[in-house]
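Commentary on secondary and tertiary structure
Single-letter residue listing:
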Amino acid sequence: MLVYVIVSLILVAASLLVRCHRKWLYRVIKTLPRDAKNLHVIFKLSSKLKHWSKQEDTVPTIFTKLAKEHPDKTALIIDGRRWSYQELETFSNRVANFFKSQGYKKGDVVALLMENRPEYLGLWLGLAKIGVVTSLINSHLLSTPLTHSILASHNKGLIYGSDFRQVVEDIKEQIQQVVLYEFGGDGNATDLKKQLEASPSSLPEEVFGLRQQDLLFYMYTSGTTGLPKPAKIPHTRFILIATTMNFALDLSPSDVLYSPLPLYHASAGVFSAGQALLFGITFVGRKKFSASNFWPDCQQYKCTVANYIGEVCRYLLAAHKPGTTVQHNVMKMCGNGLRPQIWQQFKDTFSIGQIYEFYGSTEGNAFLISMDGKLGAVGSVPLWGNWLVSTVLIQCNENTGEPIRNRQGLYSRCKRGEPGLLVGRIVQQGYKSFQGYLDSSATEQKVLRDVLVKGDAYFNTGDILVEDEYGYLYFKDRTGDTFRWKGENVATNEVEAIVSEAIGLKDCMVIGVQVPNTEGRAGMAIIESSEDTIEVQSLAKVLKSKLPSYAIPLFLRTVPTLPKTATQKYKKLEFEKQGFNVTKIPDTSVFVLDLKSLDYVPLTRDMYDDIMLGRIRL
């Protein structure tokens, strides 16, 4: 009788649950295959990481084992130059032994300024073998940002390619304490290429004294403070990212991965290069991205996987001749920033089997990846298991992106369909240990405390995402004083400072404005001045000499006064709404950067219409 009562109660409860949560149960059942696949990858990942952790394996020790297992297999192909695993092992050993002979030791820092080439990976890998940390410098930087990047991470030396001789010469006085090593060429610095030829090729014993928590290199990111900031990448983080991507995409050593992105960029330098260094997958790259050579490269080298950022996909579509078929073997593409508006068109045009869109940042701890190809999604959360993930969407001000505390002094989770600020829970355990920036004060500025419970801490990504009714997450917007253009973060404070200096320290505000058929936001400098006092041509010349190409504002606008808040912060919202729409701002002067002459010219109504219709591409 008791059993009958218990069973009856269970059935009644189940019936009530189904009636009250029918839609929720339907969605849970519908997304079970997705969630099961995600859990399978997590279990595989956990097992592999435990194995490497038990052996205290680091990036150099894992690579050395691969080189011994298949020394003759091709590890790298960059601009047609092939390096086998043994060649990369030998070169990196020479690097390690040379810098060891020069007195470099564990914890020292050396900057690397070089274009994509096989030696790039070999140089930082070799330095890592003796515990030296490499600062991977953005090769587009000039003048003040470049000087800052070199000094910010306390570099003892600087390795640069001969192509950057003049760039380094221009800042030589500001970095006098840094020892210079030029790779190739006949400059005044130490000829590193020549020195390495005479360096021993044996594996240095220091490699066996490395620990997984040791720093591997610094990667730079532009944040709210303006100039590039070095983010700490230990061996654990490199291994975690590369391994996650390997298992999420279900890659094998027979795959060949193509990435035309710069190796100082995490997509190419960690995700893509990590497949070669940790998993025996051949990596193919180029000195510079080329839309016309992307698919021919993939076909020539029989690439099966490719890496992208959103701009790459748009360029490839723009370069494609309608009605023609592209021959290649690429079945999987992985990256971030692919616009939903062109997602399906891109996939169909180039016959891509599946697209894996991910979300992540160099310095952050929030990482998401969509493994089932859901259009526009950057990841997903199980409807039944929010507790499984360490990322949370919290309520924020829709205009400023500032998180909003509730009556309990904590932050509230967003409802599904409600845009929210993405934050990642901070833990200090194994591969998930949070590192942040080299500058601890810069890291602290990005940390939110007492988020869901008293005493917890989360990293503020500064990005707005939204979760749909099935648990899929979509990128919505970026907050703060940065915007993304041409696959790079642009710090508005940095650009404002340079523009202001160039125009006689007048007030200047820089914003990102949306342009149709492009990813991210284009820069727009709004200057407090009358029309006849700004020499736009001389301004363009200064900006070209002091800013990387992607950071130069594409638009200029002059206004009589720049509105400010009571705390002297610029009121940007109205300007962001107006953008460069000359039909809405006829009373001010607007200029656009001519990409051929690289000079600013007045933005006419006809030019505005051409930009909006895609006849003028920016």
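No experiment lies behind these values; they were computed from the predicted model shown. Residue indices begin from 1 for each chain and proceed along its sequence in written order. Reporting of local features is limited, given that this is a predicted model, to residues whose pLDDT is at least 70; pairs of side-chain atoms are given and counted only at 80 or more, and all residues count toward the totals for whole chains, interfaces and linings. Note: side-chain values were computed over all heavy atoms of the structure, leaving out hydrogens and water.

Take the overall build of the protein chain next. Note on conventions: DSSP H or I runs of at least 4 residues are helices, E runs of at least 2 residues are strands, and numbering of each starts at the N terminus. The helix and strand inventory of the protein chain stands at 19 helices and 28 strands. Whereas a compact globule of 618 residues would reach a radius of gyration of roughly 25 Å, the protein chain reaches 26 Å, a difference of no more than 12%. Along the first, second and third principal axes, the C-alpha atoms of the protein chain reach 95 × 70 × 55 Å. Counting across all 618 residues of the protein chain, residues that qualify as buried make up 54%. It only takes one pair of heavy atoms within 4.5 Å for two residues to be counted as in contact. Considering only contacts within the protein chain whose residues lie at least 6 apart along the sequence, 69% involve residues at least 24 apart. Where accessible areas are quoted, they stem from the Shrake-Rupley method and a 1.4 Å probe; at the residue level, only the protein chains shown are allowed to cover. When the accessible surface of the protein chain is split by element, carbon and sulfur atoms take 53% of a total near 27700 Å². Averaging the coordinates of the 71 positive side-chain charges in the protein chain and doing the same for the 61 negative ones gives two points 7 Å apart. Radius of gyration means the value over C-alpha atoms here, while the globule rule gives 2.2 Å times the residue count to the 0.38 power. When accessible area is computed with a 1.4 Å probe and restricted to protein chains, residues below 20% of their type maximum are described as buried, those above 50% as exposed, and intermediate ones as partly exposed. Counted as positive: Lys and Arg. Counted as negative: Asp and Glu. His and the chain ends are not counted at all. Lys charges are placed at NZ, Arg charges at CZ, Asp charges at CG and Glu charges at CD.

Take the sheet that holds strand β24 (residues 508–513) next. Spatially, the 5 strands line up as an open sheet ordered β24-β25-β26-β27-β28, and their pairing is mixed. In this open sheet, the two strands that pair with only one neighbour each are β24 and β28 (599–602). Averaged over all neighbouring strand pairs, the angle between strand axes comes to 25°, with direction disregarded. Pairing of strand β27 (residues 589–594) with β28, which is carried by 4 bridges, proceeds in the antiparallel orientation. In the sheet register, L593 faces β28, and the bridge partner there is Y600. For two strands to be treated as a pair, DSSP must find at least two bridges joining them. Axis definition: a line fitted to C-alpha atoms, limited for helices to the stretch in contact. Angles are taken between N-to-C directions and run from 0 to 180 degrees.

With 7 of 10 residues buried, helix α13 (residues 310–319) is to be regarded as a mostly interior element. Those residues of α13 lying buried are G310, E311, V312, C313, R314, L316 and L317.

For the rest of this paragraph, the subject is the layout of surface pockets. A water-sized probe rolled over the atoms picks out the places where empty space is left. Estimates place the volume of the second largest pocket at around 1000 Å³. Method remark: on a 1 Å grid restricted to protein atoms, a set of points is classed as a cavity if a 1.4 Å probe fits but cannot get out and as a pocket if it is open with protein on both sides within 12 Å along at least five of seven lines; lining residues have an atom within 4 Å of a point. Residue lining of the second largest pocket: 35 residues in total, with H140, Y264, K288, S549 and Y550 positioned closest to the centre. Among the elements that make up the lining of the second largest pocket, the one with the highest residue count is α13 (3 residues). Across the lining of the second largest pocket, the residue classes tally to 23 nonpolar, 6 polar and 6 charged. Grid points are joined across faces, edges and corners, and a volume is the space filled by probe spheres set on the points. Amino acids outside the nonpolar list (Ala, Val, Leu, Ile, Met, Phe, Trp, Tyr, Cys, Pro) and the charged list (Asp, Glu, Lys, Arg) are all regarded as polar, and Gly is one of them.

Counting buried positions over the 6 residues of strand β18 (residues 420–425) gives 5, a clear majority of the element. Where β18 meets strand β20 (residues 457–467), 5 bridges bridge the pair, whose relative direction is antiparallel. Looking at the pairing, R425 lines up with Y458 of β20.

In this section: the nonpolar core. Within the largest apolar cluster, 97 residues are counted, with the highest numbers of intra-cluster contacts made by F99, W124, I159, F238, W295 and F346. In terms of residue count, the dominant contributor to this core is helix α11 (residues 266–279) (8 residues). Setting aside anything within four residues of it in sequence, one finds F346 in contact with W295, C313, L316, L317, M333, I352 and I355. Judged by nonpolar contacts, the second largest core, of 62 residues, contains L113, I137, I171 and L554. Residue types Ala, Val, Leu, Ile, Met, Phe, Trp, Tyr and Cys, when buried and joined through side-chain atoms within 4.5 Å, form a set referred to as a nonpolar core.

Glancing now at the pattern of salt bridges. By definition here, a salt bridge exists when the distance from a side-chain nitrogen of Lys or Arg to a carboxyl oxygen of Asp or Glu is within 4 Å. Tallied over the full model, the rule gives 18 salt bridges. Between E119 and R117 there is a salt bridge whose closest N-O contact spans 3.0 Å. Look at E119 and you get buried, because its relative accessible area is 5%. Note on R117: relative accessible area 17%, which makes it buried. A salt bridge links K287 to D163; the shortest N-O distance between them is 3.1 Å.

Turning our attention to the side chain of S92. One can find S92 in helix α5 (residues 85–101). Leaving out residues up to four positions away in the same chain, S92 has contacts with G122, L125, G126 and K129.

Below, the discussion takes up empty space enclosed by the protein. The tally for this structure, following the rule as stated, stands at 1 cavity of 30 Å³ or more. By volume, the largest cavity amounts to about 50 Å³. Surrounding the largest cavity, R314, V515, P516, N517, T518, I611, G614, I616, R617 and L618 form its lining.

Right, let's get into the packing of α13 against helix α14 (residues 340–349). Contact pair α13 / α14: the axes reach a minimum separation of 11 Å and the direction vectors enclose 60°. Our classification of the angle between α13 and α14 gives oblique. The chirality of how α13 crosses α14 is left-handed. Note on element contacts: α14 touches α13 through I342, Q345, F346 and T349, opposite C313, R314, L316 and L317. To sort the angles, those under 35 degrees are grouped as roughly parallel, those over 145 as roughly antiparallel, those from 65 to 115 as roughly perpendicular, and the leftovers as oblique. Crossings are classed by handedness, with left-handed meaning an anticlockwise turn of the near helix from the far one by less than a right angle and right-handed meaning a clockwise turn.

The backbone of S351 shows a phi angle near 50°, a positive value even though the residue is not glycine. Relative to the elements of secondary structure, S351 occurs in the loop between α14 and β14 (354–359). Not every positive phi belongs to a glycine, and L598 is a case in point at roughly 55°. Along the chain, the position of L598 falls in the loop between β27 and β28. Classification of L598 by relative accessible area gives partly exposed; the value is 34%.

Domain delimitation follows an automatic or database domain assignment. Its domain assignment divides the protein chain into domain 1 (69–242) and domain 2 (483–613). Using C-alpha coordinates to define each centre, domain 1 is positioned 35 Å away from domain 2.

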